Amino acid sequence: MEYLDFELPVKELQEQIAKCQAIGDESSVDVTETCKLLAEKLDDTKKSVYGNLTAWQRVQMSRHPSRPYALDYINALCGNTFLELHGDRNYGDDKAMVGGLGKIDNQTFMFIGTQKGYNTKTRQYRNFGMAKPEGYRKALRLMKKAEKFGIPIISLIDTPGAYPGLGAEERGQGQAIANNIYQMLNIKTPIIVTIIGEGASGGALGIGVGDLIYMLENTWYSVISPESCSSILWRSWEHKETAAEALKLTAEDMLNSKLIDKIIKEPLGGAQYDREKVFKTVKKQIIDAFRTLDKIDSDQLIKARRDKFSNMGTFQG
């Protein structure tokens, strides 16, 4: 597992425990008590390191290279029932945007998600999780297909933003995202949105309109990344920590501002420490959300969704 800078005290203790256990395995020395003391110290260190994370550290945690991505969640939730669908029927198939049909406990869902890569090659293949217009059009095509057959939609967000390249702009990036937002406000089936990593700008909002919106504990959601905000205001990335605090982008900030419905807790240290536990927690939350939304008439569902987003924010006359 890889470690962030502020996680180094945890890494050092884990390495000490591994060495202690190796000594016990390779010799007749009883290291049980030593390993126990190191394990207790590790627990205390974890609570100290992860118990008071700053906004910038939350951003770093959301980008942790060992963190599970959208397809990890989909495969864990659906097993071998997931059928990926491709293409926008207009330009091409965007590998940064994945989608398809899958079952959770015999209930069929349409999954939409932004997907990052695991190494240099797959990161390039997935365009670092930055979708292009054809990605958003593919997502909308699949959502419309789900609406046609009365299938609920699950959206998993983990993106540093929509791709800002010239080609993407020429093919209508802004229009594709705006159309998705408009259309998602009118889709007649339930939409459950979960931010599993980064939730940056319109790139996230393009698949982020839903009836219930959740954020994992160590994720962020904002109109702009801390680095970009810092570069605009201070002409440098040096103030990214200050920008992160000012943007109020953490899950707790979003819940306090009534922009999301619930925070999904993660294992101490992040989702990467216990993937199976996170998958089970997310699955339970999705099933609970579906059971709630499935009881609501489609017209009432759309009205509530529109009201939800119309009432966001505060205004002064």
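The sections below set out a description of the structure shown in this document. Nothing here was measured: the structure is a model prediction, and the numbers come from that model. (Residues numbered from 1 in each chain as written. Predicted model: local features only at pLDDT ≥ 70, side-chain atom pairs only at ≥ 80, totals over all residues. Heavy atoms only, no water.)

Further remarks concern the overall build of the chain. For the chain, the helix and strand inventory stands at 14 helices and eight strands. Expected size for 317 residues packed as a compact globule is a radius of gyration near 20 Å; at 21 Å, the chain falls within 12% of this value. For the chain, the C-alpha atoms occupy an extent of roughly 70 × 50 × 40 Å along the three principal directions. In the chain, which comprises 317 residues, the share counted as buried stands at 50%. Taking all contacts inside the chain whose residues are at least 6 apart in sequence as the whole, residues at least 24 apart take part in 72%. (Helix = DSSP H or I, 4+ residues; strand = E, 2+ residues; numbered from the N terminus. Rg over C-alpha atoms; globule rule 2.2 N^0.38 Å. Buried < 20%, exposed > 50% of the residue type's maximum accessible area, 1.4 Å probe, protein only. Contact = heavy atoms within 4.5 Å.)

On to the pattern of salt bridges, then. According to the stated counting rule, one finds 16 salt bridges in the structure shown. Residue Lys116 is joined to Asp158 by a salt bridge in which the shortest nitrogen-to-oxygen separation is 3.1 Å. Residue Lys116 is found in the loop between strand 3 (107-114) and helix 5 (120-125), and its partner Asp158 is found in strand 4 (residues 153-159); the two are separated by 42 residues along the sequence. Accessibility assignment for this pair places Lys116 and Asp158 in one class, buried. Between Asp307 and Lys303 there is a salt bridge whose closest N-O contact spans 2.9 Å. Here Asp307 and its partner Lys303 are both found in helix 14 (residues 298-310), four residues apart, which amounts to about one turn of the helix. (Salt bridge = Lys/Arg side-chain N within 4 Å of Asp/Glu carboxyl O.)

In this structure, Ile112, Tyr136 and Ile153 are the most contacted members of the largest nonpolar core, which totals 30 residues. Looking at this core, the elements that each hand over two or more residues are strand 3, helix 6 (133-148), strand 4, helix 8 (173-184), strand 5 (191-200), strand 6 (212-216) and helix 12 (251-256). Broken down by element, this core gets its largest block of residues, five residues, from helix 6. Listed in part, the 29 residues of the second largest apolar core include Ile74, Phe109, Leu216 and Val278. (Core = buried A, V, L, I, M, F, W, Y, C linked by side-chain atoms within 4.5 Å.)

Right, let's talk about the packing of helix 6 against helix 8 for a bit. Packing of helix 6 against helix 8 leaves a shortest axis separation of 8 Å and a crossing angle of 20°. The angle between helix 6 and helix 8 falls in the class roughly parallel. As helix 6 packs across helix 8, the resulting crossing turns out to be left-handed. Across the interface between the two elements, Pro133, Tyr136, Arg137, Ala139, Leu140, Met143 and Lys144 of helix 6 pack against Gln173, Gln175, Ala176, Ile177, Asn179, Asn180, Gln183 and Met184 of helix 8. (Axes fitted to C-alpha atoms, helices over the stretch in contact; angles between N-to-C directions. Parallel < 35°, antiparallel > 145°, perpendicular 65-115°, else oblique. Left-handed = near helix turned anticlockwise from the far one by under 90°.)

On to the pairing of strand 3, then. Counting buried residues in strand 3 gives six out of eight residues, a clear majority hidden from the surface. One ladder, built from eight bridges, connects strand 2 (residues 97-104) with strand 3; its direction is antiparallel. Across the sheet, Gly99 pairs through a bridge with Ile112, a residue of strand 3. The loop that links strand 2 with its antiparallel partner strand 3 comprises two residues; one of these, Asp105, has a positive phi angle of about 50°. In this structure, strand 3 lies alongside strand 4, joined through four bridges in parallel fashion. Its bridge partner lying in strand 4, Gly113 is registered against Leu156. (Pairing = 2+ DSSP bridges.)

Enumeration over the complete set of coordinates arrives at six aromatic pairs. Look at Tyr69 and Tyr118: their rings are 5.3 Å apart centre to centre, the planes differ by 45°, and that puts the pair in the tilted class. Placement of Tyr69 in the loop between helix 3 (55-62) and helix 4 (70-78) and of Tyr118 in the loop between strand 3 and helix 5 is noted, with a sequence separation of 49 residues between them. Positioned above the aromatic ring of Tyr163 is the side chain of Lys132, whose terminal nitrogen or guanidinium carbon lies 5.1 Å from the ring centre. (Phe/Tyr/Trp six-rings, centres within 6.5 Å; stacked < 30°, edge-to-face > 60°. Lys NZ or Arg CZ within 6 Å of the ring centre and 35° of its normal.)

Backbone geometry places Asn127, a non-glycine residue, at a positive phi of 55°. By the secondary structure assignment, Asn127 is in the loop between helix 5 and helix 6. The class for Asn127 is buried, based on a relative accessible area of 15%. Phi is positive for Lys248, which is not a glycine, with a value near 55°. Here Lys248 lies in the loop between helix 11 (240-247) and helix 12.

Keep in mind these values describe shape, not function.
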